[in-house]
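Report on the structure
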Amino acid sequence: NADLIPSLPESIIAAACSRSGQRVLHVDSRSYYGGNWASFSFSGILSWLKEYQENSDIVNEGPAWQEQILENEEAIALSRKDKTIQHVEVFCYASQDLHEEVEEAGALQKNHASVISENPTEAVHSAYLPSEDESLCIASCEMLTEQTPSSDLETALEISNVKVTGETEKHDDKTCMKSASEEETSKNVPTTEGTALQPKKTRITYSQIIKEGRRFNIDLVSKLLYSRGLLIDLLIKSNVSRYAEFKNITRILAFREGRVEQVPCSRADVFNSKQLTMVEKRMLMKFLTFCMEYEKHPDEYKAYEEITFSEYLKTQKLTPNLQYFVLHSIAMTSETASNTIDGLKATKNFLHCLGRYGNTPFLFPLYGQGELPQCFLIDKNEKDKNEIYSRFAIIDQFGQRIISKHFLVEDSYFSENTCSHVQYRQISRSVLITDRSVLKTDSDQQISILTVPGEEPGTFAVRVIELCSSTMTCMKGTYLVHLTCTSSKTAREDLEPVVQKLFTPYTETETENEEVEKPRLLWALYFNMRDSSDVSRNSYNDLPSNVYVCSGPDSGLGNDNAVKQAETLFQLICPNEDFCPPPPNPEDIITDGDSLQSEASEASVILEANSETPKESASLGNPEEASQ
Amino acid sequence: MPHGRLKVKTSEEQAEAKRLEREQKLKLYQSATQTVFQKRQAGELDESVLELTSQILGANPDFATLWNCRREVLQRLEAQKSPEELAALVKTELGFLESCLRVNPKSYGTWHHRCWLLGRLPEPNWARELELCARFLEVDERNFHCWDYRRFVAAQAAVPPAEELAFTDSLITRNFSNYSSWHYRSCLLPQLHPQPDSGPQGRLPEDVLLKELELVQNAFFTDPNDQSAWFYHRWLLGRADPQDALRCLHVSRDEACLTVSFSRPVLVSPAAFPRKHHGCGSGAVGLTGLGGNWGRLCDLPATSLNDQLPHHTFRVIWTAGDAQKECVLLKGHQEGWCRDSATDEQLFRCELSVEKSTVLQSELESCKELQELEPENKWCLLTIILLMRALDPLLYEKETLQYFQTLKAVDPMRAAYLDDLRSKFLLENSLLKMEYAEVRVLHLGHKDLTVLCHLEQLLLVTHLDLSHNRLRALPPALAALRCLEVLQANDNAIESLDGVTNLPRLQELSLCNNRLQQRMVLQPLASCPRLVLLNLQGNPLCQAVGTSEYLAELLPLVNSILV
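Keep in mind that what you see is a predicted model, and the values were worked out from it rather than measured.

1. Considering the packing of aromatic side chains
- Scanning the entire structure with this criterion turns up 31 aromatic pairs over all chains.
- Consider the rings of A:Trp48 and A:Phe527, whose centres lie 5.2 Å apart with planes at 70°: the pair is edge-to-face. Of the two residues, A:Trp48 sits in helix 2 (residues 42–54) while A:Phe527 sits in strand 17 (residues 520–531), which places them 479 residues apart along the sequence. Judged on exposure class, the residue A:Trp48 and its partner A:Phe527 are both buried.
- Both rings, one in B:Phe220 and one in B:Trp230, keep their centres 3.9 Å apart while their planes meet at 10°; by these two values the pair is stacked. Residue B:Phe220 is found in helix 10 (residues 206–222), and its partner B:Trp230 is found in helix 11 (residues 227–237); the two are separated by ten residues along the sequence. The exposure classification of B:Phe220 matches that of B:Trp230, with both residues buried.
- An aromatic cluster is built from A:Phe287, A:Phe290, A:Tyr304, A:Phe309 and A:Tyr312, whose rings are joined through pairwise contacts.

2. Some details on the confidence of the model for chain A
Residues and elements named next belong to chain A.
- Confidence along chain A averages 72 in pLDDT terms, with 65% of residues attaining 70 or more.
- Low confidence marks residues 1–5, where pLDDT is under 50. Its contacts with residues over four positions away, or in another chain, come to 29 contacts.
- Low pLDDT, under 50, characterises residues 593–628; the stretch is placed with 53 contacts to residues that sit more than four places away or in other chains.

3. Observations regarding the sheet that holds strand 9 (residues 441–443) of chain B
All names here are of chain B.
- The six strands are arranged 9-10-11-12-13-14 in an open sheet whose pairing can be described as parallel. Edge positions in the sheet fall to strand 9 and strand 14 (560–562), since each has one partner strand and no second. Averaged over all pairs of adjacent strands, the angle between their axes in this sheet comes to 0°, without regard to strand direction.
- Here strand 13 (residues 533–535) pairs with strand 14 via three bridges, running parallel. If you follow leucine 534 over to strand 14, its bridge partner there is isoleucine 561.

4. Comments concerning the packing of helix 5 (residues 108–120) of chain B against helix 6 (residues 126–139) of chain B
Residues and elements named next belong to chain B.
- Interaxial distance between helix 5 and helix 6 falls to 12 Å at its minimum, and their mutual angle equals 165°. One finds that helix 5 runs roughly antiparallel with respect to helix 6. As helix 5 packs across helix 6, the resulting crossing turns out to be left-handed. From helix 5, Trp111, Arg114 and Leu118 reach across to helix 6, where they touch Trp126, Arg128, Glu129, Leu132 and Phe136.
- When grouped by side-chain class, the residues that make up the contact of helix 5 with helix 6 number five nonpolar, no polar and three charged.

5. With respect to helix 11 (residues 278–292) of chain A
- Relative to the 21 Å expected for 15 residues at 1.5 Å per residue, helix 11 of chain A spans 21 Å between its end C-alpha atoms, a close match to the ideal helical length.
- Counted residue by residue, helix 11 of chain A has twelve buried out of 15 residues, so it is predominantly covered.
- Among all positions in helix 11 of chain A, only A:Met278, A:Val279, A:Glu280, A:Lys281, A:Arg282, A:Met283, A:Leu284, A:Met285, A:Phe287, A:Leu288, A:Phe290 and A:Cys291 are buried.
- Where the residues of helix 11 of chain A are buried, they touch helix 10 (267–272), helix 12 (309–315), helix 13 (320–330) and helix 14 (340–353) of chain A together with helix 10 and helix 12 (357–373) of chain B.

6. Re helix 14 (residues 397–410) of chain B
Residue and element names in this part refer to chain B.
- Helix length check: helix 14 (14 residues) gives 20 Å between terminal C-alpha atoms against 20 Å at 1.5 Å per residue, within 8%.
- Every buried residue belonging to helix 14 is among Glu397, Thr400, Tyr403, Phe404 and Leu407, and all of these are buried. Buried residues of helix 14, viewed axially, fall in a sector of 115°; they line one side. Seen from the open side of helix 14, the exposed residues pointing more than 90 degrees away from its buried face are Lys398, Gln405 and Ala409.
- Elements in contact with the buried residues of helix 14: helix 12, helix 13 (378–391) and helix 15 (415–437).

7. Points about the nonpolar core
- Ranked by size, the top nonpolar core spans 195 residues in total, and within it A:Phe42, A:Trp48 and A:Phe287 carry the most contacts.
- Broken down by element, the residue count for this core peaks at eleven residues, all from helix 13 of chain B.
- Leave out the neighbours within four places in its chain, and A:Phe287 touches A:Tyr312, A:Leu313, A:Gln316, A:Leu318, A:Val326 and A:Leu344.
- Counting 40 residues, the second largest nonpolar core, distinct from the first, contains B:Leu449, B:Val461, B:Leu503 and B:Leu506.

8. Considerations on the environment of B:Val73
Residues and elements named next belong to chain B.
- Looking at the element boundaries, valine 73 is found in helix 3 (residues 64–80).
- By relative accessible area, which is 0% here, valine 73 ends up buried.
- Residues in contact with valine 73, not counting those within four places in the same chain, are Leu45, Asp46, Val49 and Leu50.

9. Side note on the confidence of the model for chain B
Residues and elements named next belong to chain B.
- For chain B, the average pLDDT comes to 85, and 87% of its residues sit at 70 or higher.
- Counting contacts from residues 271–296, a segment whose pLDDT is below 50, to residues more than four positions away or on other chains yields 65 contacts.
- Reported for the predicted complex are a pTM of 0.75 and an ipTM of 0.77.

10. With respect to the pairing of strand 8 (residues 362–365) of chain A
Residues and elements named next belong to chain A.
- Here strand 8 shows two buried faces, one formed by Phe362 and Phe364 and the other by Leu363 and Pro365.
- Pairing between strand 5 (residues 246–248) and strand 8: three bridges, direction antiparallel. By the bridge assignment, asparagine 248 is partnered in strand 8 with leucine 363.

11. Overview of the environment of A:Leu502
All names here are of chain A.
- Tracing the backbone through its elements, the reader meets leucine 502 in helix 16 (residues 491–502).
- Note: C-alpha distance between leucine 502 and leucine 521 (19 residues apart in sequence) is 9.8 Å.
- Once residues lying within four places of it in the same chain are set aside, the contact partners of leucine 502 are Phe255, Val260, Val438, Leu450, Val464, Lys518 and Pro519.

12. A look at the pattern of salt bridges
- Scanning the model with the defined rule gives 56 salt bridges over all chains in all.
- Each of the salt bridges in this network shares a partner with another, and the network as a whole consists of B:Glu98, B:Arg102, B:Arg114, B:Arg128 and B:Glu129.

13. Looking at the side chain of B:Glu428
Residue and element names in this part refer to chain B.
- With respect to the element layout, glutamate 428 can be found in helix 15.
- Judged by its relative accessible area of 1%, glutamate 428 is buried.
- Only 2.9 Å separates the side chain of glutamate 428 from the side chain of arginine 389, close enough to count as a polar contact.

14. Quick look at the packing of helix 11 of chain B against helix 13 of chain B
All names here are of chain B.
- Remark: helix 11 packs on helix 13, axes separated minimally by 11 Å, with the N-to-C direction vectors making an angle of 10°. Classified by the interaxial angle, the pair formed by helix 11 and helix 13 is roughly parallel. Facing helix 11, whose interface residues are Gln227, Trp230, Phe231, His233, Arg234 and Leu237, helix 13 presents Trp379, Cys380, Leu382, Thr383, Leu386 and Leu387.
- Of the residues assigned to the contact of helix 11 with helix 13, the class counts are eight nonpolar, three polar and one charged.

What counts, and where the lines are drawn
Residues numbered from 1 in each chain as written. Chains lettered and ligands numbered in written order. Predicted model: local features only at pLDDT ≥ 70, side-chain atom pairs only at ≥ 80, totals over all residues. Heavy atoms only, no water. Phe/Tyr/Trp six-rings, centres within 6.5 Å; stacked < 30°, edge-to-face > 60°. Helix = DSSP H or I, 4+ residues; strand = E, 2+ residues; numbered from the N terminus. Buried < 20%, exposed > 50% of the residue type's maximum accessible area, 1.4 Å probe, protein only. pLDDT = per-residue confidence, 0-100. Contact = heavy atoms within 4.5 Å. Pairing = 2+ DSSP bridges. Axes fitted to C-alpha atoms, helices over the stretch in contact; angles between N-to-C directions. Parallel < 35°, antiparallel > 145°, perpendicular 65-115°, else oblique. Left-handed = near helix turned anticlockwise from the far one by under 90°. Nonpolar A, V, L, I, M, F, W, Y, C, P; charged D, E, K, R; others polar. Expected span 1.5 Å × (residues − 1). Arc of directions from axis to C-beta. Core = buried A, V, L, I, M, F, W, Y, C linked by side-chain atoms within 4.5 Å. Salt bridge = Lys/Arg side-chain N within 4 Å of Asp/Glu carboxyl O. Polar contact = N/O pair within 3.5 Å; in protein donor to acceptor, adjacent residues only side chain to side chain.

As structure tokens, this is what we get:
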């Protein structure tokens, strides 16, 4: 069924399989889209929080699924309980008056409760796991196929709704602002523009955030797209890009000596920079030009291959100022982390991406990173025909069997037994809502990325991404700030020092000293997310060969990891197939042909491909039992 | 084929479909073109022609003849239609033009047609046109067709220069490699900051100049290989063309000749030549003008220069150039002259010269700083040389020559240009030295000269030594050296002697070890009446049989010819 949206690599594989003529069934035990790749409205994130706060309940085993296991089958228990998120802490600084009376205005029915209640048909209903259950998974198949077209439509409509909402924003704003000013009549807030232009006078209250909650699209993972990264290439190649819109990141920032400043990294930036001296401009340009094609000049770096990139930079004609920019903001590495070659590679990659779509190398999808899995799924759904190849048996809690040939699962579903030998890394994350940008400029609509290097050895650099309201991820007059780093302690312990450097908690008593003030925090969330990106499949216990494992999000800035993973897995599932080929030109499609002729032969082809590992596939999937 | 996969045409089928489509298109195109030409021939310039041409131009906006057709039709319709109908027609035309520009934003014909159309409208909407330009420059900030059109629109709409300057600012900020934008600045800034009448025209006040210099420095420090910034830099430091002047007047009693040197090439017909000769006590005397440009000479009637009078005053008035000069021939003197001082007038600093040498000095320092970082950047090296010349050509002579050497090494493609430029600078320096020494002897030997220039400045030189250079010719302009008596040009690569013509006082000419091959090239020597010594040793023509006899016949008055 198409209503549930899996993680990014999963949705890419789904789209790719679908393009190659495979039937794909999505099954999800979570109550929201995308797993850890999800994106939430403000009320959505509050529900998510609540879920984690209640997550500790241990639930008993489900019904007698064992009875459904056939003789030649072997069961893998999948866990319902998500252990990938830990140490969730939330702080609200905005004034909370009237809090209880407000509700999110016209909240999109994206989150779980409403989805279930609005989809009363049996088929859809069965696709969702009741949240009490901890044990097995999941879902139906055959009868769902009849539903597919209509649910496609629903998905499509839902997406377009989101966009339409964005476009009619002006109108909505007026109504919202009206109510805001009603609440704060004592403060005499007059105009609609007040929020955006005079944040000092218009205090944003918690009730406003709640009310405007659907303006927020809060991503659990904070990533950007490298404009020449694998994901962009894939979006273009497969023409999935038509379902998404992007904004260019407008600024690269650095935090140095207690000040936030803009990093000049493009030719135009260097030219326009007021902070660099003429000589520095030349030094920087010269070094960057060299990095663009450093491979061609091995004599310039060969002697320094053994040392760290930061040491190498010291040997170059660069002032400390410039060394800092290159190391932390362009190569985005640290004093100790990478050697000369890695640093040069990272710098080259940064520069290579520069200028393709704008003055920085990065793009951000409107409405958040959570949009991207959806794009691939819309694509998949459009391609779907009503057939399923089921070779893998899934038994849901109602005792239904779903038979499928390949089973793709995110590692978060594995039970403790399966991953008893695995050591996971952690990502520390924080999401902030603030009232202004960390670096004020003429335009208040800036999207910035800022790297704050770790202070002590052993701590990691913190990546800060600040989104303005035109990215459709937060309400007007606020900024949504994502902080990410590799964990050394809990998220709050890791990130709070940086938050304190850049922001100040919102307080009722305002100092009138506007100039020296940092942006104020309205709301803050901290949590740790499991990083399973470098765990190899072999580390998991007893996985049959037709179970494919997707990792959760990695801590990197780009999405290359997800795409690589998707492509590798796709090649295993559909060997010799092109990965997400471009869709054919509509003019070249022959419509009158009979496309149902070769079902049998097709099935055997796939079988043969799998016959390399006959033992496991026999134990799990029985070809004879394929679909009714 | 797996299920759910779309069936698509094979590549052969696609190719065939494409081919048929193209064939169809070509047919339509050709028949429409034919119809238009027939209608035009028949004088049927009606709306159907507009329709037909729009079909073709919509696909290929570079069909200039069809734009002409459209203009003819529109002109005819102008007379026939009501104002309302015409307005609708214009609206369609503007929309059509825009669609053509989207097909090819660099189509000369389309932009020109838009200019023409807007020029004819009673109430053109210039604001919309500016917006259109801004859009097209957004897409391609270097589209000079659009820049041209923008300047046209801005002039028609009288857009304040400050606004246009801000527009160039915004585009330079985005990408400074933009000749059009820099050029536009050089037009707008003098308009924005008009100089008082007395000041040099086309120049900027110092505060503005310094700001522009900083801007352009940002550009060439960011990317020193970008030429556009260097060109603008040169414009900033340059000055307007020097005012017309008569550089030198020379009168010779013996030759009964007045010679005038102008500040720029002029072409004067004898009749148009303005003349006035004040012999003390006598009236105006007629002068004969000869064709010429830099050095300009006029023969005087011999009788007018008798030695009876205490002095003769000659005043030359150059009406076209609004300049005049006079010189006096005193009793008992063979000649008289009056000339501008090359040092006082800074004749050789035209290219780079602002009033304040401090500005130049600081520019020189920045460029040297850049050169240290970019030792092989030709633009930087050249600018350093020019700045040094503007500051003090003699003080920096040695350094300049070193920079020339580096520059030639890094830019071998322009070696010959650089040699010529270097020759010019060396000659200027020698001239300055001669002026300081107050002599009429010029030594230019052993300087690696490849070209002779500024010869019009050498009007008074009597002895010229050009030996041991790389000259390949004695150019026609050499004929301006009216006082030259001795010319040494040994050890060059001279092949022609066009300039050794009508030199009234030339007595000695030495041309040893050159490349004179044909006897014919010696022909001009016959026009030098006082030549008595000629040395041609070491030239190929000396090997030829009969050269001595030929020379004896050609130059009967020369009593010593060394072959």
